[in-house]
Amino acid sequence: VQLQASGGGLVQAGGSLRLSCAVSGLTFSSYGMGWFRQAPGKEREFVAAINWSGDSTYYADSVKGRFTISRDNAKNTVYLQMNSLKSEDTAVYYCAAALSPTHNIRPYGYWGQGTQVTVSS
């Protein structure tokens, strides 16, 4: 199983980035997907999740209204559109797969390698 996250980079505050996570080695359409992030010196935290079909999404309060999670089951890919970025969004962002996605880390059995997002103020 491989989860390949991409799309991170350096952006000014107020800007946008779109993260992608390409998944292989599992039946993508059977899994919910989540995005988590980890800033230096902090614990990994939940950002957003989406169920297998894409008709249910969940967001951390800190990103609600600014970030949008989506998926394309034909491409085995999940996305995270990030708008109105703030300096506090700076972190390594990880995608993960779970049969029953939640805001908790525990159900996620498969993880990507992470992509760095840096927001300059």
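That block above? That's the structure.
What you see as residue numbers is a count from 1 along each chain, following the sequence as written. Owing to the predicted nature of the model, reporting of local features is limited to residues with pLDDT of at least 70; listing and counting of side-chain atom pairs is limited to 80 or more, with chain, interface and lining totals taken over all residues. The side-chain values count all of the structure's non-hydrogen atoms but skip hydrogen atoms and water molecules.

Novice: Help me out: how do you make sense of the state of the cysteines in this one?
Specialist: Think of a disulfide as a covalent bridge from one cysteine sulfur atom to another cysteine sulfur atom. Two cysteine sulfurs form what is called a disulfide whenever their separation falls within 2.5 Å. Tallying each qualifying case throughout the model produces one disulfide. Bridging Cys 21 to Cys 95, the disulfide has an S-S length of 2.1 Å. Between Cys 21 and Cys 95 the disulfide shows an S-S torsion of about 60°. By sign, it is right-handed. Highlighted residues: Cys 21 in strand E3 (residues 17-24) and Cys 95 in strand E9 (residues 91-98), separated in sequence by 74 residues. Judged by its relative accessible area of 0%, Cys 21 is buried. Look at Cys 95 and you get buried, because its relative accessible area is 0%. A helix here means a DSSP run of H or I that spans at least four residues, while a strand means a run of E at least two residues long, and both kinds are numbered starting from the N terminus. Partly exposed residues are those whose accessible area sits between 20% and 50% of the maximum for their type, while under 20% is buried and over 50% is exposed, using a 1.4 Å probe and protein chains only.

Novice: Looking at this structure, I do not really get the side chain of Thr 115. What am I missing?
Specialist: Mapped onto the secondary structure, Thr 115 falls in strand E11 (residues 115-120). Given a relative accessible area of 9%, Thr 115 falls into the buried group. A polar contact is formed between the side chain of Thr 115 and the backbone nitrogen of Gly 8, at a distance of 3.1 Å. Only heavy atoms matter for contacts: two residues are in contact if any of them lie within 4.5 Å across the pair. Look past the residues within four positions of Thr 115 in its chain and what remains in contact with it is Ala 5, Ser 6, Gly 7, Gly 8, Leu 19, Ala 91, Val 92 and Tyr 93. Any pair of N or O atoms that falls within 3.5 Å is considered a polar contact. Within protein, one atom must be able to donate a hydrogen and the other to accept it, and sequence-neighbouring residues count only if both atoms are side-chain atoms.

Novice: Got a minute to help me understand the pattern of salt bridges in this structure?
Specialist: A side-chain nitrogen of Lys or Arg and a carboxyl oxygen of Asp or Glu constitute a salt bridge if their distance falls within 4 Å. For the structure shown, the criterion picks out four salt bridges. Among the salt bridges present, the one from Glu 45 reaches Arg 37, with a minimum N-O distance of 2.6 Å. Of the residues examined, Glu 45 reaches a relative accessible area of 35% and is grouped as partly exposed. Classification of Arg 37 by relative accessible area gives buried; the value is 6%.

Novice: How should I be thinking about the environment of Asn 83 in this particular structure?
Specialist: With respect to the helices and strands, Asn 83 occurs in the loop between strand E8 (77-82) and E9. When the C-alpha atoms of Asn 83 and Thr 27 are compared, they prove to be 30 Å apart, with 56 residues separating the residues in sequence. Ignoring any residue separated from it by four or fewer positions in sequence, one finds Asn 83 in contact with Gly 15, Ser 16, Arg 66 and Phe 67. Within polar-contact distance, the side chain of Asn 83 engages the side chain of Ser 16 at 2.9 Å. At a separation of 2.9 Å, a polar atom in the side chain of Asn 83 contacts the side chain of Gln 81.

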